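Here is what each chain is made of, one letter per residue.
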Amino acid sequence: MTLTSLQQQPADALLALIKLHNEDPREDKIDLGVGVYRTDTGATPVFAAVKAAEARLLETQTSKAYLGPEGDMGFVHALMPYVFGKQDPTMGGRIDGMQAPGGTGAVRLAVALARKAGIKRIWMGTPSWPNHAQIAADVGVEIKGFTHATKAGTVDMDALRFAIEAAQDGDAIMLHGCCHNPSGIDYTNAQWDEIAALVKAKGILPILDLAYQGLGQGMEEDAYGVRRVLAEVPEALIAYSCDKNFGYYRDRVGALYVLAAQADQVGAILSNGHALARACWSMPPDHGGAVVRLILEDAALTASWLNELDVMRARMNEVRARLGAAGMQGSVDFTPFGTQNGLFSIVPLTGEQVLAMREKHAVYMAGSGRINVAGLTMGNIDKFIAAVADVTK
Ligand code: LMR
């Protein structure tokens, strides 16, 4: 038989953690695994604006007939001023996009489109979101890694400069727009300025993954890097996720945007995206995109959404401040956690120590040592810090 030749695959390590945590009967267990926002009581509520827009959609939607591989273009366009700036969100008609099923769908499309355009190799700071490499491998594009951060917890600009210098014609570079996953170590604005100039000078294709806009410094602030790079380069691909900043995780809402050298080239490029989508998921599920569109078309719902995002960011900053203030605990210096961005940071633990965190202390974190800081609350943070001190003493 043919199918029996397929070997059992290990479960995705990050997603397997969800199950392991759910099965743990210990009441004081802490889930710092997959990246979902949590309140100080550990809940991941549906945004009030999302609830309201969903109710509106239920009342007003008159058909479920097919849209098309591009999805809801009202959604795609409504998001653009937030990503590319209110001034000229299409950059003179050079940017347009299509809906995708979540950030993963958007990254998948971006990498597949890059490959179709002749890209064979993507440079990427490591460690990165593990799915970046999985997607590249599945699409058939080589990943060329370079070190993202120094041991001191800052961006390793030398490694990045070296990588861009070594890149060849026809290469691409994958850059996290903000809230670097897994390290939380982002480029400063000055570093983005330099990156934009380097990428432009080298002529490589930037693929920008913006999955956490608004969870770092703010909606505008978190778009700085993407906008700086786009201002310099002729072409780029931007993978966007609404899963985190609209709390839409399981409903999967994202978008792929393309920047073309000239406005009249956008249509042809995107038609390739449509063909790739058609051969994959055909059309993205509509619900989430329609809801995000309804929010962005309504000033009151938009204000409610942005306010909730502010609350999330403030809570994560509070957790980060507490972590940063913890300083040295065992062999781990928590100080840099205080200034990192977004949901994630890496605790420098060995595989054995990560296991001990789980088995001895019921703390669930990725094998890489990545934690979702939003899983920490004022009620469990001391236990977490003490557990790190214990396993590294
Ligand atoms: C994460 O890294 O935890 C999230 O981006 C969820 C995912 O799909 O991996």
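Keep in mind that this is a model prediction, so the values were computed, not measured.

Colleague: Quick rundown of the nonpolar core? Include the residues and the values.
Modeller: Judged by nonpolar contacts, the single largest core of 74 residues is most densely connected at Tyr-257 and Trp-305. The biggest single contributor to this core is helix 3 (residues 73–84), with eight residues. In this structure, this core is formed jointly by two domains, domain 1 (12–45 + 313–392) and domain 2 (66–297), each of which donates at least three residues. Not counting the four nearest positions on each side in its chain, Trp-305 is found in contact with Phe-47, Ala-49, Tyr-82, Met-219, Asn-245, Phe-246, Ile-295 and Leu-296. Judged by nonpolar contacts, the second largest core, of 29 residues, contains Leu-109, Val-111, Ala-172 and Leu-256.

Colleague: Residues and numbers for the domain arrangement of the protein chain, please.
Modeller: Under the domain assignment, the protein chain is made up of domain 1 (12–45 + 313–392) and domain 2 (66–297). Distance between the C-alpha centres of domain 1 and domain 2: 28 Å. In this assembly, 15 residues from domain 1 lie in contact with 19 residues from domain 2. Area buried by domain 1 at its contact with domain 2 is led by Arg-313, Asn-341 and Phe-344, which between them contribute 39% of it. Connecting domain 1 to domain 2 are zero salt bridges. At the level of elements, helix 11 (299–326) and strand 11 (344–346) are the ones that each hand at least two residues to the side of domain 1 that touches domain 2. Here the side of domain 1 that touches domain 2 takes three residues from strand 11, the largest share from any one element. Tallied by class, the residues present in the side of domain 1 that touches domain 2 amount to six nonpolar, six polar and three charged.

Colleague: Tell me about the sheet that holds strand 8 (residues 254–259), and please be specific about residues and values.
Modeller: Strand order across the open sheet formed by seven strands is 2-8-7-6-5-3-4, with mixed pairing between neighbours. Of all strands in the sheet, those with a lone pairing partner are strand 2 (95–100) and strand 4 (142–147), marking the two edges. Going from strand to strand, the sheet's axes swing by 20° on average, the running direction of each strand aside. Pairing geometry for strand 5 (residues 171–176) and strand 6 (residues 205–210), over five bridges, is parallel. Bridge pairing in strand 6 links Ile-173 to Pro-206. This element, helix 7 (residues 189–202), spans strand 5 and strand 6 of the sheet and lies at about 165° to strand 5. Those strands touched by helix 9 (residues 266–278) are strand 2 and strand 8, and its axis lies near 10° from that of strand 2.

Colleague: With reference to specific residues and values, describe the packing of aromatic side chains.
Modeller: A ring pair, where both rings are aromatic, is described by two values, the distance of the centres and the angle of the planes. Inspection of the entire model under this criterion finds seven aromatic pairs. Consider the rings of Phe-84 and Tyr-257, whose centres lie 5.1 Å apart with planes at 85°: the pair is edge-to-face. With Phe-84 in helix 3 and Tyr-257 in strand 8, this pair connects stretches of sequence that are 173 residues apart. Among the residues examined, Phe-84 registers a relative accessible area of 8% and is labelled buried. Taking the centre distance of 4.2 Å and the plane angle of 10° together, the rings of Phe-246 and Trp-305 count as stacked. Of this pair, Phe-246 sits in the loop between strand 7 (236–241) and strand 8 while Trp-305 sits in helix 11, and the two are 59 residues apart along the sequence. Comparing Phe-246 with Trp-305 shows no difference in burial state: the two are buried. Taken together, Tyr-82, Phe-246 and Trp-305 form an aromatic cluster joined through their ring pairs.

Colleague: How would you summarise the side chain of Thr-377 if you had to cite specific residues and measurements?
Modeller: By the element assignment, Thr-377 lies in the loop between strand 13 (370–372) and helix 13 (381–391). Beyond its immediate chain neighbours, meaning those up to four positions away, Thr-377 contacts Thr-39, Asp-40, Gly-42 and Arg-315.

Colleague: Lay out the environment of Phe-75 in plain terms, naming residues and giving numbers.
Modeller: Assignment of secondary structure puts Phe-75 in helix 3. Assessed through its relative accessible area of 0%, Phe-75 is described here as buried. Put simply, Phe-75 and Ala-190 are 115 residues apart on the chain and 32 Å apart in space, counted from C-alpha to C-alpha. When neighbours within four sequence positions are excluded, Phe-75 is seen to be in contact with Gln-99, Cys-242, Val-253, Gly-254, Ala-255, Gly-289, Val-292 and Arg-293.

Colleague: Account for the environment of Glu-142, with residues named and values stated.
Modeller: Structurally, the position occupied by Glu-142 is in strand 4. Residues Glu-142 and Ile-122, spaced 20 residues apart in sequence, show a C-alpha to C-alpha distance of 6.2 Å. Setting aside its immediate chain neighbours within four residues, Glu-142 contacts Lys-120, Arg-121 and Ile-122.

Colleague: Now, about the side chain of Arg-121: what can you tell me, with residues and values included?
Modeller: As for its position among the elements, Arg-121 is in strand 3 (residues 121–126). Side chain to side chain, Arg-121 and Asp-171 meet in a polar contact 2.8 Å long. Not counting the four nearest positions on each side in its chain, Arg-121 is found in contact with Val-141, Glu-142, Lys-144, Ala-166, Gln-168, Asp-171 and Ala-172.

Colleague: Quick rundown of the pattern of salt bridges? Include the residues and the values.
Modeller: If charged atoms from side chains of opposite charge come close, those side chains can pair. Evaluation of the coordinates by the stated rule reveals 21 salt bridges. Linking Asp-40 and Arg-315 is a salt bridge whose minimum nitrogen-to-oxygen distance equals 3.4 Å. Of the two residues, Asp-40 is situated in the loop between strand 1 (30–31) and helix 2 (48–60) and Arg-315 in helix 11; the sequence distance between them amounts to 275 residues. Among the charged side chains, a network of salt bridges with common partners joins Asp-193, Lys-200, Arg-228 and Glu-232.

Rules used throughout
Just so you know, the residues in each chain are numbered from 1, in the order the chain's sequence is written. A pLDDT threshold of at least 70 governs which residues receive local features in this predicted model, and a stricter bar of 80 or more applies before side-chain atom pairs are shown or counted, although totals over entire chains, interfaces and linings include all residues. Side-chain numbers come from the whole structure's heavy atoms, not from hydrogens or water. Remark: nonpolar core denotes a set of buried residues (Ala, Val, Leu, Ile, Met, Phe, Trp, Tyr, Cys) joined through side-chain atoms within 4.5 Å. Remark: exposure states derive from per-residue accessible area (1.4 Å probe, protein chains only) relative to the maximum for the residue type, with buried under 20%, exposed over 50%, and partly exposed in between. Elements are defined by DSSP. Helices are runs of H or I of four residues or more, strands are runs of E of two residues or more, and each kind is numbered from the N terminus. By convention here, the domain bounds are inherited from an automatic or database domain assignment. We call two residues in contact when some of their heavy atoms are within 4.5 Å. Joining two parts hides part of their accessible area as seen by a 1.4 Å probe, and the buried area is that hidden amount summed over both. What counts as a salt bridge is simple: a side-chain nitrogen of Lys or Arg found within 4 Å of a carboxyl oxygen of Asp or Glu. The residue classification treats Ala, Val, Leu, Ile, Met, Phe, Trp, Tyr, Cys and Pro as nonpolar and Asp, Glu, Lys and Arg as charged. All others, Gly included, are polar. Two strands are said to pair when DSSP picks up at least two bridges between them. Only the stretch in contact is used when fitting a helix axis, every axis being a line fitted to C-alpha atoms; angles between N-to-C directions are given from 0 to 180 degrees. Any Phe, Tyr or Trp ring, taking Trp's six-membered ring, that has another such ring centre within 6.5 Å forms a pair; planes under 30 degrees apart are called stacked, those over 60 apart edge-to-face, and the others tilted. Polar contacts, as counted here, are pairs of nitrogen or oxygen atoms within 3.5 Å of one another; within protein the pair requires one atom able to donate a hydrogen and one able to accept it, and residues that are adjacent in sequence qualify only if both atoms are side-chain atoms.

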